[in-house]
Amino acid sequence: MNIILTHDVDSIRRPFKHIWQRRKRFKTKDIILAALKIKNLYNNIEEIISLEDKYGYRSVFFIPVFLFDIGEIIDVIKQIRKQGWEVQLHYVHEPNQYMGLFKMQKEYFEKEIGPVEGVRVHMLILNNDILAMFQKEGIKYDSTLRAETANTYDPFLIMEKLLEIPIGIMDADIFGRLKLSEREAFKYILWKLKNAELRKAYNFTVLFHQESYSMKGGGIYKDFLKYISSSNKYTVILPKSYVMLYERESLKLTMDNGLKFA
């Protein structure tokens, strides 16, 4: 089974007041380090790439240009792109003049970082108008739908020239919606992975927000990488691998025929 590792970057810095109000999410030691301005608990990009590099894995980071000043992380982002990580646009949808605002985000991203091939919409907002806009603007893949919504874990053509790569599991659902403990959360992830395997899925996409890495639940991402590395059943790939395969073989996909690697 192919595993796609993805990270949304919704924020990279928060004032200490924000951290204190959510202090139950963090270890006491980290709260002290944040208070002393020794550690930034909301910028964990370099820690994540160090962990993934340990296993020889590469992931995709979805970076917004509207939520914070990307100048704070631009050097790191450019560096990891050169080292094989994928960096794509985290599109922030606003209903008023959304087409113009998408073009603005895409244009600025490409000016500062590089070409946009894939997107994920912030807050996982998606409709047919947004998808049609993505296709019109030459986007090759979207990764916004949950697998439960798409009814598949495997990539499929959601529009004539636009691949959808469904999200198999997301940390915000595990902790924010289901309110699971770390122990329960890890069991749940493995249960979802097993369900995907039983459904003969060829792909399982994981979404862990980079800012959650320093929170108490962030440890399960380390556990997950350790778990998949211990078995030869799993191969970590990037979304662009599916795009390349689709373009090379000009596969005609439908909702009932997901893109598969043998």
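About the criteria used
- Residues numbered from 1 in each chain as written.
- Predicted model: local features only at pLDDT ≥ 70, side-chain atom pairs only at ≥ 80, totals over all residues.
- Heavy atoms only, no water.
- Phe/Tyr/Trp six-rings, centres within 6.5 Å; stacked < 30°, edge-to-face > 60°.
- Helix = DSSP H or I, 4+ residues; strand = E, 2+ residues; numbered from the N terminus.
- Buried < 20%, exposed > 50% of the residue type's maximum accessible area, 1.4 Å probe, protein only.
- Lys NZ or Arg CZ within 6 Å of the ring centre and 35° of its normal.
- Contact = heavy atoms within 4.5 Å.
- Polar contact = N/O pair within 3.5 Å; in protein donor to acceptor, adjacent residues only side chain to side chain.
- Patch = residues over 30% accessible without salt bridge, like charges linked within 9 Å, V, L, I, M, F, W, Y side chains within 5 Å.
- Areas by Shrake-Rupley, 256 points an atom, 1.4 Å probe, with all protein chains shown as cover.
- Salt bridge = Lys/Arg side-chain N within 4 Å of Asp/Glu carboxyl O.
- Arc of directions from axis to C-beta.

Trainee: Outline the packing of aromatic side chains, listing residues and values.
Mentor: For the structure on display, the rule yields nine aromatic pairs. Measuring from ring centre to ring centre gives 5.0 Å for Tyr91 and Phe102, while their planes differ by 90°; the resulting arrangement is edge-to-face. One end of the pair, Tyr91, is in strand β3 (residues 86-91); the other, Phe102, is in helix α5 (residues 98-112), with eleven residues separating them in the sequence. By relative accessible area, Tyr91 is classed as buried at 0%. On the basis of relative accessible area, Phe102 is assigned to the buried category, the value being 0%. In textbook terms, an aromatic cluster arises when at least three aromatic residues are bridged by ring pairs, as seen for Tyr91, Phe102 and Phe134. When the ring centre of Trp85 is taken as origin, the NZ or CZ atom of Arg58, which lies over that ring, is 3.8 Å away.

Trainee: Requested: an account of the environment of Thr144, with residues and values cited.
Mentor: Mapped onto the elements, Thr144 comes out in the loop between β5 (141-142) and α7 (147-150). Assessed through its relative accessible area of 1%, Thr144 is described here as buried. Taking C-alpha positions, Thr144 is 18 Å from Leu101, a pair spaced 43 residues apart along the chain. Ignoring anything within four residues of it in the chain, the contact list for Thr144 reads Val119, Arg120, Val121, Leu124, Ile125, Leu126, Glu164 and Ile167. At 3.0 Å, the side chain of Thr144 forms a polar contact with the backbone nitrogen of Val121. Separated by 2.7 Å, the side chains of Thr144 and Asp142 make a polar contact.

Trainee: Give me the side chain of Asp8: which residues, what numbers.
Mentor: Structurally, the position occupied by Asp8 is in strand β1 (residues 2-8). Polar side-chain contacts of Asp8 include one of 2.8 Å to the side chain of Arg120. Discounting chain neighbours no more than four positions away, the residues touching Asp8 are Phe62, His90, Arg120, Leu207, Phe208, His209, Gln210 and Glu211.

Trainee: Residue-level account of the environment of Asp142, with values.
Mentor: Following the sequence through the fold, Asp142 ends up in strand β5. Distance from Asp142 to Gly118, taken between C-alpha atoms, is 5.6 Å for residues 24 residues apart in sequence. If sequence neighbours within four positions are ignored, Asp142 has contacts with Val119, Arg120, Val121, Leu126, Leu131, Phe134, Leu162, Leu163, Glu164 and Ile165.

Trainee: Can you break down a nonpolar patch on the surface residue by residue, with the values?
Mentor: There is a patch of nonpolar side chains on the surface, built from Ile32, Leu36 and Ile38 and spanning about 320 Å² of accessible area. Along the polypeptide, Ile38 turns up in the loop between α2 (28-35) and α3 (45-55).

Trainee: Requested: an account of α2, with residues and values cited.
Mentor: For α2, the set of buried residues is Asp30, Ile31 and Ala34. Buried residues in α2, looked at end-on, bunch into an arc of 105°, giving them a common side. Turned more than 90 degrees away from the buried face of α2 sit Thr28 and Lys29, all of them exposed. At its buried positions, α2 is contacted by α1 (16-21). Note on α2: the residue one or two positions beyond its end, Lys37, has a positive phi of about 60°.

So far we have only geometry, and geometry alone does not tell us how the molecule works.
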